[in-house]
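# Coordinates in review
Each chain, written out:
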Amino acid sequence: MTVSIRQIGPCFAGEVEGIDMRRPLTRDEVAAIHAGMDRYAILVFHDQDIDDAQQLAFTQSLGEIEHAIGTSLRAASEYRLPTTFADVSNLDKENRPFARDDRRRLFGIGNRLWHSDSSFKVVPAKYSLLHAVSLPTRGGNTQFADMRAAYDALDEETKALVEDMVCEHSQMFSRQLIGFTDFTDEERERFRPVRQCMVRVHPVTGRKSLYLSSHAGEIVGWPMPEARAFLRDLIEHATQREFVYTHQWRIGDLVMWDNRQTMHRARPFPAHERRDMRRTTLAGDGPTAVQLAA
């Protein structure tokens with residue numbers, strides 16, 4: 001079956017037909033998916049009745065995997081999934097929803113803020129692929145913001161201001177925004193800030209985009225209050241309604257997005273209900289900015 005991708009209504013995402021993730025991809029199918037990502041930045045695949053091994057094989061056919069090690073508050077003994085998956089569910093190792101006051105759940109609420117996956121790593125993520133295994137009865141949608149369109153809509157003065165800007169990103173910054181400051185010394189060391197450029201250029205299309213995230217908490221060379229206010233203004237600009245696509249999940253959906261060109265956030269859902277979402281991630285090509293010496 002020939003791969004076809006159509007734009008979803010007036011938004012910037014694309015819906016894919018002709019891909020069955022239970023079987024290996026052909027070279028032409030791989031090329032079509034990458035071309036679709038270059039154009040749309042988000043691809044939606046419906047009715048993918050796949051297991052973890054098939055999701056992982058599909059992901060690896062597109063590039064190198066990023067492992068999820070030390071990115072949450074789950075201890076290694078508490079992992080529900082192998083490190084080839086980022087476990088963005090609300091479930092413990094026994095597949096039970098976390099208690100409402102469990103610090104692992106409270107840390108995860110930070111995913112309701114606009115962010116780009118792994119911007120807190122020296123080498124940030126390329127693509128994320130999220131598969132819906134079980135869903136709550138209401139809520140739990142995911143929203144995406146087109147950071148290319150957000151950049152294009154900036155006035156020329158602001159474009160010049162952000163062109164060579166470098167920010168520091170850390171999960172501690174994003175969690176502080178929701179009042180979560182309960183970090184151990186080991187976690188503070190693990191979540192030390194890294195530097196990322198503010199403007200990214202797509203290696204294929206040449207199109208510029210804002211590289212924003214709630215993880216961004218400092219602008220190099222700026223006073224903290226001014227930096228935080230400016231970053232908030234940029235996020236408000238980038239997440240205006242005309243730049244946002246809201247995905248309403250159904251079981252079997254797999255959504256893939258380009259972290260270099262988008263931000264996203266999860267929406268609330270009942271705390272006692274299961275939301276089992278399994279994410280594989282493609283590694284980025286390299287750092288976006290020079291890091292400080294350790």
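The coordinates are above.
Residues numbered from 1 in each chain as written. Predicted model: local features only at pLDDT ≥ 70, side-chain atom pairs only at ≥ 80, totals over all residues. Heavy atoms only, no water.

Attention now moves to the packing of aromatic side chains. Summed over all chains, the structure comprises 9 aromatic pairs. On the numbers, 5.9 Å between centres and 75 degrees between planes, the contact of Phe107 with Phe180 is edge-to-face. Residue Phe107 is found in helix H3 (residues 103-108), and its partner Phe180 is found in the loop between helix H6 (171-177) and helix H7 (185-190); the two are separated by 73 residues along the sequence. Grouping residues by exposure puts Phe107 and Phe180 together as buried. (Phe/Tyr/Trp six-rings, centres within 6.5 Å; stacked < 30°, edge-to-face > 60°. Helix = DSSP H or I, 4+ residues; strand = E, 2+ residues; numbered from the N terminus. Buried < 20%, exposed > 50% of the residue type's maximum accessible area, 1.4 Å probe, protein only.)

Another aspect to go through is the pattern of salt bridges. Per the counting criterion, the structure on display carries 26 salt bridges. Of the charged contacts, one joins Arg80 and Asp87 as a salt bridge, the two residues approaching to 2.9 Å between their closest N and O atoms. Per residue, the accessibility class of Arg80 equals that of Asp87, and both read buried. Between Arg207 and Asp152 there is a salt bridge whose closest N-O contact spans 2.8 Å. Remark: Asp152 occurs in helix H4 (residues 147-152) and Arg207 occurs in the loop between strand E9 (199-201) and strand E10 (208-210); sequence separation between them is 55 residues. The exposure class assigned to Arg207 is partly exposed, which follows from its relative accessible area of 34%. Linked by salt bridges that have partners in common, Asp52, Arg74, Arg80, Asp87, Asp276 and Arg278 make up one network. (Salt bridge = Lys/Arg side-chain N within 4 Å of Asp/Glu carboxyl O.)

Attention now goes to the environment of Pro136. With respect to the secondary-structure elements, Pro136 resides in the loop between strand E5 (127-134) and strand E6 (142-146). For the pair Pro136 and Ser170, spaced 34 residues apart in sequence, the C-alpha to C-alpha distance is 29 Å.

A word on helix H8 (residues 224-238). With 15 residues, H8 extends 21 Å from end C-alpha to end C-alpha; this agrees with the ideal 21 Å at 1.5 Å per step. Of the positions making up H8, those classed as buried are Ala227, Phe230, Leu231, Leu234, Ile235, His237 and Ala238. The buried residues of H8 occupy an angular sector of 160 degrees when projected down its axis, which confines them to one face. H8 presents Pro225, Arg232 and Glu236 as exposed residues on the side facing more than 90 degrees away from its buried surface. (Expected span 1.5 Å × (residues − 1). Arc of directions from axis to C-beta.)

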